[in-house]
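Structural overview
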Amino acid sequence: MPTLTVDGVPIHYEETGSGHPVLCLIHGAGGNALSWIRQLEGLAGAARVIAIDLPGHGQSGGNGSSLIDDYAAIVQHFVEAARLGKVVLGGHSMGGAVSQTLALARSDLIDGLILIGTGARLRVLPVAFERLRADYAEGCAFLSSFAFSPGAAEGLREGARVSMLMNRPEVTIGDFTACNSFDLMDRIGGIKAPTLVVCGLDDQLTPPKYSEFLAQRIPQARLTLVEQAGHFVHLEQPNLVNAAIRQFLLVLDPPR
Ligand code: COA
C-alpha cells in the first residue's frame, strides 16, 4: 500500500478511483484510514478517493499529537507533497476538527468540505480519559459501546473496538486531548468552502446539535441527518452517506 514521506514521517494512505474531484479523508480519534472502507469502495466511481493514516496511527510512522493544529499541518503538507491540487476534504469526528482547521487556514487548498459526526467544539467526557488510562483495552470497549445506534450489527462495534486497540494508548489519549481543547465555535462562520455536514440521529459522542450548529454557522453548508445511525454514520449507513456525498460532489463540480 502506498506511503508518502511528509515532514520526515512515512504517511500511509489508501486510494481508489482516479481523476477529479479528489476526495481526501481524515479519520477520527484512535482510528485509521480503513474507517473509510465503505467510502473507498463506494465512491471510487465518483472521485479519486484518498484516506490517510495520521502520524502514529494505522500503518503510518511517527507519533500522534495532542494538538489539532499539528494534524492539520500534516494534512496540508500531504496534499501539497502528493500534488493533489485543490481537494474536497472530508473528516470524521477528530478528522472533522482537522478539516475545519485547515479550511480556515488554507482555503486555497479546499474545493469543498465534508464534516461527518463532528462539531466546532469537541469536549470529551472525563470518564473516557479515566477508562483509557486505567485499562486501555477496556477503555476502547467503553468508547466503542457508544459509537453506533442501538440496532447496529455487533460486528461494527467490535470492528471499531479492535481498530482503536491497534493504536498505541498514548496516541489515542493524545487524540482525545486534542479534541478536548479544540474550539472553533466563534470562527467557523469564516469557512468559505461549500460544506456538507452529516450526522447520525443516534450519535451520542457528537450529537446532532453539534452538526446543526455547523450547518447554521458555515455560510455555504447543507445538513444531512441520518436515521438509524450513531457516531460512525459513514460505516453504519454507508449507502445513504455515499449518496449524500455523491450529490454534493456533483453540485461542486457539475458534469460539463
Ligand atoms: N456545537 C454546538 N453546541 C455545543 C458544541 C458543539 N460542538 N459543544 C458543546 N456545545 C454546547 C453544549 O451542548 C452545551 O450547551 P448547553 O449549555 O445548552 O447544554 C454547551 O455548549 C457547553 O458544552 P461543553 O462545552 O461540551 O461543556 P459541558 O461541560 O457542558 O459538557 C461534556 C462536557 C464532556 C459532558 C460534553 O461535551 C459531552 O457530553 N461530550 C460528548 C461526549 C464525548 O466525550 N464525545 C467525544 C468527542 S471527540
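The structure contained in this document is the topic of the report that follows. Not measured: the values here are computed from a predicted model. (Residues numbered from 1 in each chain as written. Predicted model: local features only at pLDDT ≥ 70, side-chain atom pairs only at ≥ 80, totals over all residues. Heavy atoms only, no water.)

**Remarks on the overall build of the chain**
Along the chain, the regular secondary structure elements total 10 helices and eight strands. In summary, the chain has a C-alpha radius of gyration of 16 Å against a globular reference of 18 Å for 256 residues, a match within 12%. Here the chain holds 256 residues, and the buried ones make up 54% of them. Considering only contacts within the chain whose residues lie at least 6 apart along the sequence, 74% involve residues at least 24 apart. (Helix = DSSP H or I, 4+ residues; strand = E, 2+ residues; numbered from the N terminus. Rg over C-alpha atoms; globule rule 2.2 N^0.38 Å. Buried < 20%, exposed > 50% of the residue type's maximum accessible area, 1.4 Å probe, protein only. Contact = heavy atoms within 4.5 Å.)

**As for the packing of aromatic side chains**
Applying the stated criterion to the full structure yields three aromatic pairs. Taking the centre distance of 5.3 Å and the plane angle of 75° together, the rings of Tyr13 and Phe78 count as edge-to-face. Highlighted residues: Tyr13 in strand β2 (residues 9-16) and Phe78 in helix α2 (residues 68-81), separated in sequence by 65 residues. This pair shows no difference in class: Tyr13 is buried, exactly as Phe78 is. Where Phe148 meets Phe232, the ring centres are 5.4 Å apart and the plane angle is 20°; that geometry is what we call stacked. Note that Phe148 is positioned in the loop between α5 (136-144) and α6 (154-165) and Phe232 in the loop between β8 (221-226) and α9 (233-236), a separation of 84 residues in sequence. Accessibility classification places Phe148 together with Phe232 in one group, the buried group. (Phe/Tyr/Trp six-rings, centres within 6.5 Å; stacked < 30°, edge-to-face > 60°.)

**So, the environment of Lys209**
Within the secondary structure layout, Lys209 lies in helix α8 (residues 208-217). In the structure, Lys209 is positioned 33 residues away from Asn242 in sequence and 22 Å away in space, judged by C-alpha atoms.

**Some thoughts on the site of the ligand**
Neighbouring the ligand are Gly119, Ala120, Arg121, Arg123, Val124, Leu125, Cys179, Met185, Leu205, Lys209, Tyr210 and Phe213. Contacts to the ligand include Arg123, whose backbone N or O atom sits 3.3 Å from a nitrogen atom. With respect to the ligand, the side chain of Lys209 contributes an N or O atom lying 2.6 Å from an oxygen atom. Protein coverage of the free-state accessible area of the ligand, which is 940 Å², stands at 63%. The leading source of residues in the shell around the ligand is α8, at three residues. For the shell around the ligand, the per-class residue count stands at eight nonpolar, one polar and three charged. (Near = heavy atom within 4 Å. Polar contact = N/O pair within 3.5 Å; in protein donor to acceptor, adjacent residues only side chain to side chain. Areas by Shrake-Rupley, 256 points an atom, 1.4 Å probe, with all protein chains shown as cover. Nonpolar A, V, L, I, M, F, W, Y, C, P; charged D, E, K, R; others polar.)

In short, shape yes, function no, at least from these values alone.
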